[in-house]
Amino acid sequence: MNRDEIIELDHRHVWHPYTAMDRYFAEDPIVVERAEGSYLFDADGTRYLDGNGSWWVSTLGHRHPRLVQALLRQTESLPHASLAGCTHETAARLASELAQIAPGAGVASLPAHRRLTRVFFSDDGSTAVEVALKMAAQYWAQNGRPSRTRFVAVRSAFHGETVGAVSLSGLPVFRSIFGPLLFDVVHVRSPAEEGGWERAAEELAEVLKARGDAIAGVVLEPLLQGAGGMLPHPAAYVRAAREATLRAETLLIADEVFTGLGRLGAWTACERAGVVPDLLCLAKALSGGLLPFAATLASEQLFDGFRGTKERAFLYGHSYAGNPLGAAVAREVLAIYQDQNVLAQVERSAAQIAQRFAGWGELKGVRHPRSLGMVGALDLGGEGYLGERGWQVYRAARRRGLYLRPLGDTLYIAPALNTAPEILTELLDGVEAALRETLAS
Ligand SMILES: *Cc1c(COP(=O)(O)O)cnc(C)c1O
């Protein structure tokens, strides 16, 4: 099929995510024919440097040969088996490996019941969060605290797409349409809001003090809120949230779908912040952009709350839970991090990103340049997610062979963690040129 035929068929049948379709019909889309390392190749021969790992998942570059091999090897013996009453070596090994990189795993003084030793598999970031919510709710229901049914979340948080995950988000743009369907969540001030993290921590502590016995858990994106605008906050806030949840004897749920697995230079943001949550959600980087796969890590204490008679079993499970192909790729992802010291590469690249983004703060029209780990962001206007300024840079960048995807007025990069220094320079130079062109127009 040639490029025009693909577009014609696409226009007739494909409904694109988060896409205003009439606008999409009016623009020439990127038609990705193949991808390799940091680059996407359009069917018209154009090469694009992928500035966001294709929605934050291709964290080791596209088609990493070791991941492709691991996937092919696994297809030869076992592409799928259900985890309902069965098991397989790949899931068992992966669960054990995830427990070893979980925050607190290396902390000798951490009591056994608080260790994140149990792993529940699902399909993507939204389901990893959904699993955590249901686990928390069922835990309290059957362990003597049935009044604990509500969750606390940060206003500008983003936790995914399902009705449960959207309920957690306080962002009007994602939730207002679905308002009548959503369950009631206590939304608190974000540590990134004006007023600072201290006030946000105080408000959270007050809510937990006043209503702790109604609260099933506090859900956070530790250290960096992603889709809510790429907003970092200090580790002290995450630690304060941990202390407040321990005091109220409620659960801390870390949504590390974006921050986990090296994006911020440590295995997890919680580890970097020196915090051990009760539940931790992983997806995106976990399967390196090959196929959907997710895990929710739970403490031994939580797991114990589901033992005993049959009515106590966790009532949850997706068809593809623990899929061997996903598990094999995830194991290889972890092995590549170890063999190639990916976390150290992130530290080096983070310094380069921080320096360049800070420098662009001098440009007229650029606001709030910021960076953390392998993420750099800045604002070009005050319209947020529905703003147009970021899209202007998107177009200018595309003409230069870069693929970016702004969050409205927020322009950001989140490239593969193992991006070579010269390719990172190419990306940053391209962003700067596109930015200057847009600001001058
Ligand atoms: C992307 C994201 C999700 C949702 O993950 P999907 O794989 O898109 O379902 C949840 N939480 C955070 C923090 C995310 O960045």
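Located above this text is the structure these notes cover.
Conventions we followed
Residues numbered from 1 in each chain as written. Predicted model: local features only at pLDDT ≥ 70, side-chain atom pairs only at ≥ 80, totals over all residues. Heavy atoms only, no water. Near = heavy atom within 4 Å. Polar contact = N/O pair within 3.5 Å; in protein donor to acceptor, adjacent residues only side chain to side chain. Nonpolar A, V, L, I, M, F, W, Y, C, P; charged D, E, K, R; others polar. Pairing = 2+ DSSP bridges. Helix = DSSP H or I, 4+ residues; strand = E, 2+ residues; numbered from the N terminus. Axes fitted to C-alpha atoms, helices over the stretch in contact; angles between N-to-C directions. Contact = heavy atoms within 4.5 Å. Buried < 20%, exposed > 50% of the residue type's maximum accessible area, 1.4 Å probe, protein only. Expected span 1.5 Å × (residues − 1). Arc of directions from axis to C-beta. 1 Å grid on protein atoms, 1.4 Å probe; cavity = no way out; pocket = protein on both sides within 12 Å on 5 of 7 lines; lining within 4 Å. Points joined across faces, edges and corners; volume = space filled by probe spheres on them. Phe/Tyr/Trp six-rings, centres within 6.5 Å; stacked < 30°, edge-to-face > 60°. Lys NZ or Arg CZ within 6 Å of the ring centre and 35° of its normal. Parallel < 35°, antiparallel > 145°, perpendicular 65-115°, else oblique.

Student: I keep staring at the site of the ligand and nothing clicks. Help me out?
Tutor: In the vicinity of the ligand, the residues found are Trp56, Asp124, Gly125, Ser126, Phe158, His159, Gly160, Glu221, Asp255, Val257, Phe258 and Lys284. In the model, an oxygen atom of the ligand is placed 3.5 Å from a nitrogen or oxygen of the Asp124 side chain. At 2.7 Å from a nitrogen atom of the ligand is found a side-chain nitrogen or oxygen belonging to Asp255. Of the residues in the shell around the ligand, the class split is 4 nonpolar, 4 polar and 4 charged.

Student: I'm lost on the sheet that holds strand S14 (residues 375–379) in this one. Help?
Tutor: Either a parallel or an antiparallel arrangement is found when strands of a sheet pair, and the pairing is made through backbone hydrogen bonds. Spatial strand order, S13-S14-S16: 3 strands in an open sheet with antiparallel pairing. Edge strands, defined here as strands with exactly one partner in the open sheet, are strand S13 (367–372) and strand S16 (410–413). Averaged over all neighbouring strand pairs, the angle between strand axes comes to 10 degrees, with direction disregarded. Where S14 lies against S16, 4 bridges are found, and the strand directions are antiparallel. By the bridge assignment, Asp379 is partnered in S16 with Thr410. Strands S13, S14 and S16 of the sheet are contacted by helix H14 (residues 342–360), whose axis makes an angle of about 10 degrees with S14.

Student: Hey, could you run me through the pairing of strand S7 (residues 215–220) in this one?
Tutor: Remember that side chains alternate between the two faces of the sheet whenever the strand is regular. Burial runs high along S7: 6 of the 6 residues are buried. Bridge count for strand S5 (residues 150–154) against S7 is 4 bridges, and the pairing is parallel. Following the sheet pairing, Phe151 is matched in S7 by Gly217. Both S7 and strand S10 (residues 251–255) contribute to a ladder of 4 bridges, which runs parallel. Within the sheet, the bridge partner assigned to Val218 lies in S10 and is Leu252.

Student: Teacher, can you tell me more about the sheet that holds S5 here?
Tutor: An order of S4-S12-S11-S10-S7-S5-S6 is seen for the 7 strands of this open sheet, with the pairing classed as mixed. The strands lining the two open edges of the sheet, one partner per strand, are strand S4 (118–122) and strand S6 (185–188). Pairs of neighbouring strands in the sheet enclose a mean axial angle of 20 degrees, with direction left out of account. Helix-sheet contacts for helix H5 (residues 89–101) involve S4, strand S11 (279–282) and strand S12 (294–298), and the interaxial angle to S4 is about 125 degrees. Helix H6 (residues 125–141) rests against S4, S5, S7, S10, S11 and S12 of the sheet, and its axis sits at about 160 degrees to S11.

Student: When you look at helix H10 (residues 235–247) in this model, what are you seeing that I'm missing?
Tutor: Working note: α-helix, 3.6 residues per turn, so residues spaced by three or four point in the same direction. In this model H10 runs 18 Å from its N-terminal to its C-terminal C-alpha over 13 residues, within 8% of the 18 Å that 1.5 Å per residue would give. Within the span of H10, buried status applies to Tyr237, Val238, Ala241, Arg242, Ala244 and Thr245. The arc enclosing the buried residues of H10, seen along the axis, measures out at 170 degrees, which places them on a common side. Along its buried surface, H10 packs onto S5, helix H9 (196–211), S7, S10 and helix H11 (269–273).

Student: Hey, could you run me through empty space enclosed by the protein in this one?
Tutor: Empty space among the atoms becomes visible once a probe the size of a water molecule is rolled across them. What the rule picks out here adds up to 3 cavities of 30 Å³ or more. Taken as a whole, the largest cavity encloses approximately 50 Å³ of empty space. Its residues placed into classes, the lining of the largest cavity shows 2 nonpolar, 7 polar and 1 charged.

Student: So what exactly am I meant to see when it comes to the packing of aromatic side chains here?
Tutor: Inspection of the entire model under this criterion finds 17 aromatic pairs. Centroid distance Phe120 to Tyr316: 6.0 Å. Interplanar angle 90 degrees. Geometry classified as edge-to-face. Here the residue Phe120 occupies a position in strand S4, and Tyr316 occupies one in the loop between helix H12 (300–304) and helix H13 (324–340), the gap between them amounting to 196 residues. One aromatic cluster in this structure is built from Tyr18, Trp55, Phe158, Phe174 and Tyr385. The aromatic ring of Phe303 is capped on one face by Arg118, whose charged end is 3.8 Å from the ring centroid. Arg148 extends its terminal NZ or CZ atom over the ring of Trp140, reaching a point 4.6 Å from the ring centre.

Student: Looking at this structure, I do not really get unusual backbone geometry. What am I missing?
Tutor: The phi torsion of most residues other than glycine is negative, and most of the peptide bonds are trans. Backbone geometry places Trp55, a non-glycine residue, at a positive phi of 65 degrees. With respect to the secondary-structure elements, Trp55 resides in helix H3 (residues 53–56). With a relative accessible area of 37%, Trp55 lands in the partly exposed category. Its identity is not glycine, yet Glu249 carries a phi of approximately 55 degrees, on the positive side. The residue Glu249 is located in the loop between H10 and S10 in this model. With relative accessibility at 47%, the residue Glu249 sits in the partly exposed group.

Student: Hey, could you run me through the layout of surface pockets in this one?
Tutor: Each pocket or cavity is described by its volume, and for the second largest pocket that value is around 780 Å³. Forming the boundary of the second largest pocket are 30 residues, of which Leu83, Val119, Phe120, Phe121 and Phe303 lie nearest the centre. Put simply, the parts of the chain that give the lining of the second largest pocket at least two residues each are H5, S4, S12 and H12. Among the residues making up the lining of the second largest pocket, the classes are represented as 19 nonpolar, 9 polar and 2 charged.

Student: How should the packing of H13 against H14 be read in this particular structure?
Tutor: Helix-helix packing: each pair is described by the crossing angle between the helix axes and the interaxial distance. For the pair H13 and H14, the least separation of the axes is 6 Å and the interaxial angle reads 65 degrees. By the criterion of interaxial angle, the relationship of H13 to H14 is roughly perpendicular. Two secondary-structure elements touch here, H13 through Ile336, Tyr337 and Gln340 and H14 through Val342, Leu343 and Gln345. For the contact of H13 with H14, the class distribution of residues is 4 nonpolar, 2 polar and no charged.

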